[in-house]
Structures are given as structure tokens and as C-alpha cells.
Amino acid sequence: MTYARITGTGSYLPEKVLTNHDLEQMVETNDQWIRERTGIEKRHIAADNQTTCDLAEQAARRALEAAGRSTDDIDLIIVATTTPDRVFPSTACLVQQRLDIHGCAAFDVQAVCTGFVYALGVADKFIRTGAAKCALVIGAETLSRIIDWTDRSTCVLFGDGAGAVILEASEAPGILSTHLHADGNYESLLTVNVGVSTHFDAVAKGEAYIHMKGNEVFRMAVNTLGRIVDETLEANRMTQADVDWLIPHQANIRIINATARKLNMPPERVVVTVDQHGNTSAASVPMALDVAVRDGRIQRGETLLMEAFGGGFTWGSALLKF
Ligand code: COA
């Protein structure tokens, strides 16, 4: 049986840091409120001339190096992003050009904060069916471009960054299962409600902003993530005790803690980067994975549970042997 196995990880954060104290100068908020309600201390913000593709490229190069692979080996590129450089070509095609890769399939996946888990699920299927052997899967965002910096209820939450993995065909177990879900009935609770075919003038004027009913999103996220943890373990006939690491989407420390409690995971087995990165949407899970791989916490052979929840609503999980 062919599995898809992660053979290298990489991430990239833009240099500019925006602290809670910086935000105190911009909107009526304070460091204590942000820390207590979200767990966030700071976030990184892309430079004016830096795009999602720029961040994605750096993360991709680091993942390739970690996997010991060259760009010639890549036969599939998927970029999960909500903040693409252009309407088209896809950011995946732009990354392909940067890496001087020619001919392989390259496309974007749009599932907001669940984007990377979706992209991993799609790449897993390509590899299991033999359609690809060595995939580059990226989550990359410049969310700072769709933030209303005068809205304190959203501007304190988000940040920019990119994370990537190299996923290769392997006889040894890698991804055990992925579980992808959506319910568009909740579209209005978390949205940028303008786009190409509606109110494009707002996009052109730079007034395309994230709108969120924070309380309702919070409740749904906690309940839904609890359910997907059960679904994932049941599908693999595993129990909580079989999971070595929880790598959650980094939206809010209180959501992360609620899912960890549900799993009976001790805090030291949960990878947390929300304090340093904020919510980077599709980039958050691969960046958290890369941090914990590079600092030596996550070891080969361990069992990882990734989960995410985002606009749509979308939600998903991946259980894998690292
Ligand atoms: N600084 C200070 N006060 C703030 C604030 C800020 N940045 N943002 C909101 N407040 C105020 C509100 O105005 C409100 O004041 P009021 O009681 O006088 O009306 C009060 O704080 C409580 O607001 P509320 O929205 O109820 O807070 P909360 O505990 O729900 O926390 C979020 C807000 C956004 C942190 C929380 O709802 C959340 O994390 N939601 C999910 C977000 C998320 O994960 N989104 C992405 C999913 S992928």
C-alpha cells in the first residue's frame, strides 16, 4: 500500500512584528485583553512589497532543503490561501515559476483557515492513487491586506506567514486519514463579503475586510473541533492515548485548550504558536508543525493529529505518522 509521508517541513515569517502594545496605539485595546481572550502576544506583517507568493516561496525552499529534495523532484504543487497574489494565475502557478518547475499540476485550494488540511487531503489522494510521487503543499497568507485596522474586534487576531511540507509516496505509513467538511449555511458569520463578481469596487479600493461574529464562531469552532477529533480517532480505531501531538489551527488559545481537554492531551503535547504568530489562517498548521519539528519536539514515527476550522464554515483533520 502506498502512503503519503511528510519528508520535510519549512516555514517563513515576514520580518515586521506587530505587538499588542503597537496595536494599543492604533485602536482602543490593551495587551492584557488580547492575551487573556486570545493568547496572542504578537504577529508578523508582510512588508508592503511582499506578497503571498514571496512568503510561500521561502517556506517551500526550506521544506525542500529539509526533505533533501530538489525542485526537479516536485510533480504536484498545491497552495492553500485566501489571500492570493492575483485573481489568476493561481499562487501555486506563481510559486511554480519562482521555483523554475515546469509542467506539473499546480493549483490553489480555498478553504480559509482549513485550507492547509484540505490541501493535504487532496495531495494525499494524488499520492495514494499514484497520480503524484512528490508533492509540495503550502499554506500561505497575507491576511494583513484584508484587515480593517480600525476594527479592534478583528485586527488584533490575524497575522501573515507561510508553511510548507514535502509529501512523498512511501511504503511506510504516513498520512493515515484526512477528514474534510464544510457547511456553507454559516457563510455570513466569518466572511470577506466582497469579491470579483460582487462589489469588486471595494476590492479595488482596498476595502475588502474580514467581518466576523466572534462569539458565534468561537462556539461553533469548539463544538465542531471536538466532534472531528472523535471522528478521526474512530476512523482509525485509535484512542486519545495513541496521539503523540496535537497540531491545531492557531486561532485562539481558548479554542486550542478546549480541543486539547477533549483529547485529554497534556499542554506539553500541544503545539502552540498563536502567541507568536496570531491567526495566520491556512499557514497556521504547517507553520506550527515546522516550529515543533525544527525545535526537536516532534520525532519521526510519532502520531500527529492536525485539525482546523475556518470560514465557510469549513473544518477538517489529518491523522498521520510523522
Ligand atoms: N480590545 C478590547 N476590547 C475588545 C476588543 C479588543 N481588541 N475586541 C472586542 N472587545 C470588547 C467588545 O467590544 C466587548 O465589549 P462590550 O462587552 O462592552 O460590548 C467585549 O470586549 C467582549 O467582546 P466579545 O466579542 O464577547 O469577546 P470574546 O470573549 O468573545 O472574545 C474573540 C472575542 C474574537 C477573541 C473571540 O470571540 C474569538 O476568538 N472568536 C473566534 C475567533 C476565531 O477563531 N476566528 C477565526 C476562526 S478560524
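All values derive from a computational prediction rather than experimental measurement.

**Student:** Help me out: how do you make sense of the UniProt feature "active site" (unreviewed entry) in the protein in this one?
**Tutor:** Per the UniProt entry, the sites bearing "active site" (unreviewed entry) are Cys113, His249 and Asn279 in this numbering. In terms of the greatest pairwise C-alpha distance, the residues named above, spread along 167 residues, form a tight cluster of at most 8.6 Å across. As for its placement among the helices and strands, Cys113 is situated in the loop between β5 (105-109) and α5 (115-128). Those residues within four positions of Cys113 in sequence are excluded, and the remaining contacts are His249, Asn279, Ser281, Ala282, Ala308, Phe309 and Gly310. Here His249 is to be found in the loop between β11 (245-248) and α9 (253-263). There is a polar contact of 2.6 Å between the side chain of His249 and the side chain of Ser284.

**Student:** Help me understand the site of the ligand in this model?
**Tutor:** Every one of the 24 residues lining the ligand counts as a neighbour, but Thr29, Arg37, Arg152, Asn215 and Asn252 are closest to it. Between the ligand and Trp33, the relevant distance is 3.3 Å, taken from an oxygen atom to a side-chain nitrogen or oxygen of the residue. Gly214 has a polar backbone atom sitting 3.0 Å from a nitrogen atom of the ligand. Considered on its own, the ligand offers 960 Å² of accessible surface; in the complex 73% of this is hidden by protein. Of the residues forming the shell around the ligand, the biggest block, four residues, is contributed by helix α8 (residues 214-235). Looking at the shell around the ligand, its residues break down into 11 nonpolar, nine polar and four charged.

**Student:** Please explain the side chain of Thr224 as it appears in this structure.
**Tutor:** Locating Thr224 in the fold gives a position in helix α8. Separated by 2.6 Å, the side chain of Thr224 and the backbone oxygen of Met220 make a polar contact. Those residues in contact with Thr224 that sit more than four places away from it in its chain are Phe309 and Trp315.

**Student:** Looking at this model, I keep getting lost on a nonpolar patch on the surface. Mind explaining?
**Tutor:** A surface patch of nonpolar side chains, about 520 Å² in accessible area, is lined by Val87, Phe88, Val196, Phe200 and Val203. Summarising the element assignment, Val87 is placed in the loop between β4 (76-80) and α4 (91-98). The exposed category is assigned to Val87, whose relative accessible area is 60%.

**Student:** What am I meant to see in the side chain of Asn236 here?
**Tutor:** Here Asn236 is to be found in the loop between α8 and β11. Polar side-chain contacts of Asn236 include one of 2.8 Å to the side chain of Ser177. Side-chain polar atoms of Asn236 contact the backbone oxygen of Thr232, separated by 2.9 Å. Excluding anything up to four places from it in sequence, Asn236 contacts Leu176, Ser177, His179 and Leu319.

**Student:** Looking at this structure, how should I read the packing of aromatic side chains?
**Tutor:** The geometry of an aromatic ring pair is captured by two quantities: the separation of the ring centres and the angle between the planes. In the structure shown here, the tally under the stated rule is three aromatic pairs. With a centroid separation of 5.2 Å and an interplanar angle of 15°, the aromatic rings of Tyr186 and Phe313 are classed as stacked. With a gap of 127 residues between them, Tyr186 in the loop between β8 (175-182) and β9 (190-191) and Phe313 in the loop between β12 (303-310) and β13 (314-321) connect regions that are remote in the sequence. Accessibility expressed as a relative area gives 28% for Tyr186, which makes it partly exposed. Relative to Phe313, the ring of Phe309 lies with its centre 4.7 Å away and its plane at 50°, an arrangement referred to as tilted. As far as the burial class goes, Phe309 and Phe313 line up, both buried. Here a set of aromatic residues connected by ring pairs shows up, and it is made of Tyr186, Phe309 and Phe313. Against the face of Trp245 rests Arg269, its NZ or CZ located 4.4 Å from the ring centre. The lysine or arginine in question, Arg300, covers the ring of Phe322, its NZ or CZ lying 3.9 Å from the ring centre.

**Student:** Hey, could you run me through the sheet that holds β12 in this one?
**Tutor:** Two strands in a sheet stick together by hydrogen bonds in their backbones, pointing the same way (parallel) or opposite ways (antiparallel). With respect to topology, four strands assemble into an open sheet ordered β8-β13-β12-β11, the strand pairing being mixed. Edge positions in the sheet fall to β8 and β11, since each has one partner strand and no second. If you compare each strand with its neighbour and ignore which way they point, the axes differ by 10° on average. Inspection of the sheet shows β11 paired to β12 by four bridges, in the parallel sense.

So, how was this worked out
- Residues numbered from 1 in each chain as written.
- Predicted model: local features only at pLDDT ≥ 70, side-chain atom pairs only at ≥ 80, totals over all residues.
- Heavy atoms only, no water.
- UniProt positions renumbered as here; feature names shortened; annotations may be inferred.
- Helix = DSSP H or I, 4+ residues; strand = E, 2+ residues; numbered from the N terminus.
- Contact = heavy atoms within 4.5 Å.
- Polar contact = N/O pair within 3.5 Å; in protein donor to acceptor, adjacent residues only side chain to side chain.
- Near = heavy atom within 4 Å.
- Areas by Shrake-Rupley, 256 points an atom, 1.4 Å probe, with all protein chains shown as cover.
- Nonpolar A, V, L, I, M, F, W, Y, C, P; charged D, E, K, R; others polar.
- Patch = residues over 30% accessible without salt bridge, like charges linked within 9 Å, V, L, I, M, F, W, Y side chains within 5 Å.
- Salt bridge = Lys/Arg side-chain N within 4 Å of Asp/Glu carboxyl O.
- Buried < 20%, exposed > 50% of the residue type's maximum accessible area, 1.4 Å probe, protein only.
- Phe/Tyr/Trp six-rings, centres within 6.5 Å; stacked < 30°, edge-to-face > 60°.
- Lys NZ or Arg CZ within 6 Å of the ring centre and 35° of its normal.
- Pairing = 2+ DSSP bridges.
- Axes fitted to C-alpha atoms, helices over the stretch in contact; angles between N-to-C directions.

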